[in-house]
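Architecture and fold: a report
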Amino acid sequence: MSPKRRRGAVLTISAFALSFCLNAAPDRGLSDSVAVLDRSCSSIRRFVLDNGMVCLVRADHSAPVVAVQIWVRTGSMHEGKYCGSGLSHYVEHMIFKGTELRRAGDISREISDAGGFINAYTAQDRTVIYATLPSKSWKTAVDVLVDAMFNAMFPEDEWEREKEVILREFAMGRDDPNRVINKLLWRTAFVEHPARYPVIGEEELFRSVGREELMEYFRSRYVPENMIAVVVGDVDESEVERELRRLCGSVRRAFNAPVVLPAEPRQVSARSVRQKGPWKISRVECTYHTVPFTHEDVPALDVLSEVVGGGRSSRIAVALKEEQKIVHSISAWSYTPREFGLFGISAIFDPDNEAAVTAAIQQQVELWRTKELDQEEVRKAVRILTVRELSRLQDMGGQANSYAAGEFYANAPGFSVTYLRRLNEVTTLTLKDVAARYLSVENRTVALLVPESPGSEREAPAVSHTDVGEVTKVLLPNGVPMIIREDHRLPFVHICAAFGGGLLSEDEMNNGIGKLMSEMMVRGTGNRSSESIALETDQLGASLWSFSGRNSFGLQGRCLSSDLVEFFDLYADCLLDSRFPREEVEKQKSVQLAAIEQQYESPMYMAQESLAAIIHTNHPYRWSELGTKERVSGLTESDLEAHYGRHVTTGNVVIAVFGDIDPVHAREIVWKRLQHLRPGPTAVRGPTPQIPQLPARVVIPADKEQTIFLAGYPGVSVDDPDADVLAVLSRAMSGLSSDLAMEIRDKRGLVYYVGAYNRAGVDPGVFAIYAGLKQEHLEELEHLVDKEIQRLANEGLRGEEIERAKRQIIASYEMSLQNNDGYALESALNELYGLGYDYGETTKARIDAISVEDVKRAVSSILAATKKAVSVLIPSGEREE
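The following refers to the structure shown. (Residues numbered from 1 in each chain as written. Predicted model: local features only at pLDDT ≥ 70, side-chain atom pairs only at ≥ 80, totals over all residues. Heavy atoms only, no water.)

1. So, the side chain of glutamate 237
Quick note on the threshold: Under the scheme used here, helices are H or I runs from DSSP no shorter than 4 residues and strands are E runs no shorter than 2 residues, and both carry numbers assigned from the N terminus. The contact definition used throughout considers only heavy atoms, calling two residues in contact when any of these lie within 4.5 Å.
When you line up the elements, glutamate 237 lands in helix H11 (residues 237–248). Setting aside its immediate chain neighbours within four residues, glutamate 237 contacts Ser43, Arg45, Val57, Arg58 and Ala59.

2. Some remarks on the pattern of salt bridges
Put simply, the rule reads: Basic side-chain nitrogens of Lys or Arg form a salt bridge, by our definition, when they fall within 4 Å of a carboxyl oxygen of Asp or Glu. We call a residue buried when its accessible area falls under 20% of the maximum for its residue type, exposed when it is over 50%, and partly exposed in between, using a 1.4 Å probe and counting protein chains only.
Scanning the entire structure with this criterion turns up 62 salt bridges. In this structure, glutamate 202 engages lysine 183 in a salt bridge whose closest nitrogen and oxygen atoms are separated by 3.1 Å. Residue glutamate 202 is found in the loop between helix H8 (177–189) and helix H9 (203–208), and its partner lysine 183 is found in helix H8; the two are separated by 19 residues along the sequence. Residue arginine 528 is joined to aspartate 573 by a salt bridge in which the shortest nitrogen-to-oxygen separation is 2.7 Å. Remark: aspartate 573 occurs in helix H21 (residues 564–576) and arginine 528 occurs in the loop between helix H19 (513–520) and helix H20 (530–539); sequence separation between them is 45 residues. Classification of arginine 528 by relative accessible area gives buried; the value is 14%.

3. So, unusual backbone geometry
Note that the residue after leucine 694, namely proline 695, is joined by a cis bond; omega there is 0 degrees. Relative to the helices and strands, proline 695 is located in the loop between helix H26 (663–674) and strand E18 (696–702). Backbone geometry places lysine 325, a non-glycine residue, at a positive phi of 55 degrees. Here lysine 325 shows up in the loop between helix H13 (315–323) and strand E9 (329–335).

4. Focus on the packing of helix H6 (residues 138–151) against H11
As a reminder of what qualifies: Note on geometry: axes are lines fitted to C-alpha atoms, helical ones only across the stretch in contact, with angles between N-to-C directions running from 0 to 180 degrees. Oblique is the label for any angle not under 35 degrees, not over 145, and not in the 65 to 115 range, which are roughly parallel, roughly antiparallel and roughly perpendicular in turn. Crossing handedness is read from the near helix: turned anticlockwise from the far helix by less than a right angle, it gives a left-handed crossing, and turned clockwise, a right-handed one. Under the scheme applied, nonpolar residues are Ala, Val, Leu, Ile, Met, Phe, Trp, Tyr, Cys and Pro; charged residues are Asp, Glu, Lys and Arg; polar residues are all the others, including Gly.
Two elements in contact, H6 and H11, have axes separated by 11 Å at closest approach and are oriented at 25 degrees. Viewed along their axes, H6 and H11 adopt a mutual orientation that is roughly parallel. Every pair of crossing elements has a handedness; the one defined by H6 and H11 is right-handed. Taking contact as the criterion, the partners of Trp138, Lys139, Val142, Asp143, Val146 and Phe150 in H6 are, on H11, Glu239, Val240, Glu243, Leu244, Leu247 and Cys248. Partitioning the contact of H6 with H11 into residue classes produces eight nonpolar, no polar and four charged.

5. Some details on the sheet that holds strand E22 (residues 869–875)
As a reminder of what qualifies: Should DSSP find at least two bridges between two strands, the strands are regarded as paired.
Strands sit in the order E18-E22-E19-E21-E20 across an open sheet of five strands; the sheet is mixed. The open sheet terminates on both sides in strands that have one partner only, identified here as E18 and strand E20 (751–759). Sheet twist, expressed as the mean angle between neighbouring strand axes with direction ignored, is 15 degrees. Pairing of strand E19 (residues 707–714) with strand E21 (residues 766–773), which is carried by eight bridges, proceeds in the antiparallel orientation. The residue of E21 that forms the bridge with leucine 710 is tyrosine 770. Against the sheet, helix H23 (residues 603–615) contacts E18, E19, E20, E21 and E22, and its axis sits at roughly 30 degrees relative to E19.

6. With respect to the environment of glutamate 322
Among the secondary structure elements, glutamate 322 is positioned in helix H13. By relative accessible area, which is 39% here, glutamate 322 ends up partly exposed. Taking C-alpha positions, glutamate 322 is 8.7 Å from arginine 312, a pair spaced ten residues apart along the chain.

7. What to know about the state of the cysteines
Selection rule: By definition, disulfides here are pairs of cysteine sulfur atoms that lie within 2.5 Å.
One pass over the structure, following the stated rule, counts zero disulfides. Just so you know, cysteine 55 is unpaired, no disulfide at all, and the nearest cysteine sulfur is the one on cysteine 248, 5.6 Å from it. The thiol sulfur of cysteine 574 is not disulfide-bonded, and the nearest other cysteine sulfur, from cysteine 559, lies at 13 Å.

8. Focus: the side chain of arginine 211
Let me state the cut-off plainly: N or O atoms within 3.5 Å of each other form a polar contact, as long as, within protein, one can give a hydrogen and the other can take it, and as long as residues adjacent in sequence are counted only when both atoms are side-chain atoms.
For arginine 211, the position within the fold is in helix H10 (residues 211–221). For arginine 211, the side chain forms a polar contact with the main-chain oxygen of methionine 153, separated by 3.5 Å.

9. Section: H19
Most of H19 sits out of view: seven of its eight residues are buried. Buried within H19 are the following residues: Ile513, Gly514, Leu516, Met517, Ser518, Glu519 and Met520. Where the residues of H19 are buried, they touch strand E15 (543–548), strand E16 (552–560), helix H22 (582–599) and helix H25 (637–647).

10. Here's the deal with the packing of helix H14 (residues 354–370) against helix H18 (residues 428–438)
At a closest axis distance of 7 Å, the pairing of H14 and H18 adopts a crossing angle of 125 degrees. It follows from the interaxial angle that H14 and H18 lie oblique. On H18, the residues touching Trp368, Arg369 and Thr370 of H14 are Lys432, Ala435 and Ala436. Of the residues assigned to the contact of H14 with H18, the class counts are three nonpolar, one polar and two charged.

11. Observations regarding the nonpolar core
We apply this condition: What we call a nonpolar core is a set of buried Ala, Val, Leu, Ile, Met, Phe, Trp, Tyr and Cys residues that are connected through their side-chain atoms within 4.5 Å.
Val303, Phe343, Ile345 and Trp368 are the most contacted members of the largest nonpolar core, which has 67 residues in total. When sequence neighbours within four positions are dropped, the list of residues in contact with isoleucine 345 reads Val284, Glu285, Cys286, Ile316, Ile330, Ser331, Ala332, Trp333, Ile361, Val365 and Trp368. Counting 55 residues, the second largest nonpolar core, distinct from the first, contains Ile107, Ala114, Val240 and Cys248.

12. Some thoughts on the packing of aromatic side chains
Quick reminder of the rule: Two aromatic rings, drawn from Phe, Tyr or Trp (for Trp, its six-membered ring), form a pair once their centres lie within 6.5 Å of each other, and the interplanar angle then sorts them: stacked below 30 degrees, edge-to-face above 60, tilted otherwise. By the criterion adopted, a ring carries a charge over it if an Arg CZ or a Lys NZ lies within 6 Å of its centre and within 35 degrees of its normal.
The full count for this structure, using the stated rule, is 24 aromatic pairs. On the basis of an interplanar angle of 25 degrees and a centroid distance of 5.2 Å, the ring pair of phenylalanine 218 and tyrosine 222 is categorised as stacked. The class of tyrosine 222 is buried, set by a relative accessible area of 4%. Relative to tyrosine 409, the ring of phenylalanine 408 has its centre 4.9 Å away and its plane inclined at 85 degrees; by these criteria the two rings are edge-to-face. You'll find phenylalanine 408 and tyrosine 409 in the same group, each marked buried. Through a chain of ring-to-ring contacts, three or more aromatic side chains come together here, namely Trp71, Phe293, Phe408, Tyr409 and Phe415. The ring of tyrosine 839 has arginine 846 lying over it, and the distance from NZ or CZ to the ring centre is 3.8 Å.

In C-alpha cells form, the structure reads like this:
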C-alpha cells in the first residue's frame, strides 16, 4: 500500500474525533467524542527501559510528520539548595550548546536542515525539549534530542555567553507588565512552596551560581528515571521502539534522590500587594488556592473558570466589560499542576476604575459562591473544554504533548479520556460547591500593578486620602527644622535626625571617626548602658539605628504610635547624651577594623579607591567612610566626645517625624526633649576642593582574578542642575539594554558587566563608567567607551534611551514614598543640604524636563577627554601593555 493510501485508510483522532464533537447531536456528541478518543489512546505503545525511562510511541499516518519530545520531571521548584536560582531554565538554554558529537549550533542546524524545528521550555514542574519535522527524518530527531538531553557538555564559553542572554531576559521581564504582575502574584500567594520563585529565578540568586553548580544539578536531576520520551507520527512503532532502546537504553541508571517539597501552609487570611510601575494602564490578579492535577475537583474548577470568565459571553466579561464598561479585558482561569492549584481572575482597566473593578470582581465571586449557575452555561462550557482538549490532538505535536502530559501528571498517557468523562459529570451544584469551598475571602490573594501617572498616586483603595497628609516644616523655638508627615495607614512613627558631617568634616588624622561616633550613639548614654538601650528597644518592639555617609550622619528610629512618648525619651537620650565608654569603643572599633579589611576583598572597591584619590585630590571624598586601620585604631574616647560635641548642635540638625501622629502633639513631644540640644553652628566643612591634574591614569596590581576598569570625571554637587542630567545619563548607560552593554558585552563579549554611576555630594562628586573584564580586552574596551562618550556628546541619548532612564528614576523615587523610613531620611537630608525638605516632590518635573540637548551639553563639558581619570585593577603579575 502506498504511503498516501495508507494515510487515508487509517482512522485518526485528528480527522474523526472533531467531527463527532462539532457535528454530532448535542446529547451524544460529547460522549461519542470521548469514545473515539478512548480508542485512539488505547493504541499508544508504552514501555519502560531498564534505566527507568518511560517511552511512548504512537503511529499516526494521516500526514508525513513526526513529533519527538523528551519531558523531564524537574523544573524550577525542584532546584533544592539552589531553589530560586533558575538552574532548570539555565539547563534548558544549555542543552542546545553542544555535546561530544555536536558543537553549539549543530543541534538546531540538523533539525532545521531536515526541514523541521526544535525548541524547549521550562515550567515549574518540568523541562521539555521537542522537535517536529518530516517523518522521513524521525531518526535524526530522536538522535539529536537524546544526544542533547543526555550528553550536554556546557562549554565554558557558551556557559558565559548564555548567562548574559538570560540576564537580558531578566531585564526584558522587568519591562513586561504581565511578567511583573505574575512575579508579584506568585511571591505573595506562596510563602513556603518553591512555586513562589519565578521559573527564570531571582536575578541575585541566578548570578550567584556557577558552571559547576549548574552541571551538578544537571547530572543529579536530568537522569533517565526522570524522563519521558514520546514519538508520534508517520512511523513504524516497532522500529521506533528499537531505536529508543538502542539510544536511551544504553544510558546507565543514575541516583535519583527524591526532592521533598515543603507543603504550602493553608492560607487563613486575605493577602494583597500593590506595585507602581512605568505602565499606562492598571492590572489585577485575584487568585485563590485550589487543588493539584489529580484531585477530583479539577474538572469542576475548569468548567467554573470557563463559565465565569472563559470568553466574551462569560459572566464577568458581560458584567464588567459589556454592561459596566469598567475593564478593557477580563478573564478567569484555573491552573492545576502536580503540587498545587490556583483559580484566578485577571483584568486590565483604567487606573480611575480600580476601586470599582476590585469591588465588582468580589461581588461576582460572592454570586458564584451562593447561587447556582445556569445549566445551559455549564453545558456550553463543557462543550468548549471538550473541543479544546480534542483540538490539541489535531497535529502530531499536540498528540505528543497530550500523551506525555497524561503520563507525567497521572502516570497514564491516555488520561485525557478520564478528564473528559469527568467534565461530563460536572453539574451546576458541583460548581456552586467548589466556588464556596475555594473562593473564600480568607483564601484570596490580590496583586495590583498600577501606573505611576497622576491618576494612580493615591494609596490602596481601602485607604482614604485623608489618612496621608502633606509633608510640612516647622521651626522649633531653638531654630531646629522639624519635618512632619501624617500617615495613619499603620500605627507606626518613624523618626530621623540628620546632622551635617560624615566624611566632609573629617581630616587626614581622624578619617573614620564619623562612622565610629555614629555607631556609638546607640551604645551608651549617661542614664543607659548599651545593653539597656537594646533591651528597652526590643521590649517596645521598636527599632533604633544610626547612619553615616559622605555628607552626613544621624539617628533613625521606628516605634508603635502608642509608644511614641516612651520611645522618644530613649531616642532623645541617645541623641543628646551619648557617652563613649572605653569598653564599648574598643568593641565597635574591632567591628569597624574588620569592615575595613573586608573592603579590600572587593576589586571594585580597590579600583574606586584609586580613582577617588585622583579625582578628589585634597578633599575628604578621597577616603573611605570606614577610615583606615591606622587612624581608626588610634581614635580615643576623648576624640569621639569632641567630635560629637562639635556636630550634635542646633545649627547642624534637621529632624523628621513621619507616621501615625497628630502634628501638634508630635511637636510638643519633640520640643520637650530637643530644647536641651546644645546650641552651635553648622559643622565645619573640609577644604575647598582642588582642581585635579587630569587626564591621569593609575594601574593597580592585585591578587584578584578579574580586571576592573573605571573611567571617572569630576562631577557636580547635589544642588547643581546637571546633577539630574548626570543621574539620567548614568541610568541610561547602565543595565542590560544600554547601548554600551549591548555593544561591548552582548555583541563583542568583552566584559562580564558594565555600567555607570553618578555620585553627587554637598561638594562636587564623581561620574564614573565601570566594567569587569579580562585584561586582554582592556584596550578595545577603553576605545569603545570613549567612542560611546563621543556619540553621546555629538548626538545625545536616543529618544527611547532617555525616556527609559527617566521612567526608571521617577519610578524609583515614587516607590521610595511607600516607606516612611526612607521618606523621612530623604526629606531630612534634602533640608540639611539646602535643597528644601520638599525637593523630592519636584523629582518628576525636574527629570521630565531634561532634554537630549541637556545630555549633549553635560557630556561635552563634564565627560571631556581632558578631564578623564582612569583606574585599572589587574591581576598580580600582569602589567598593562
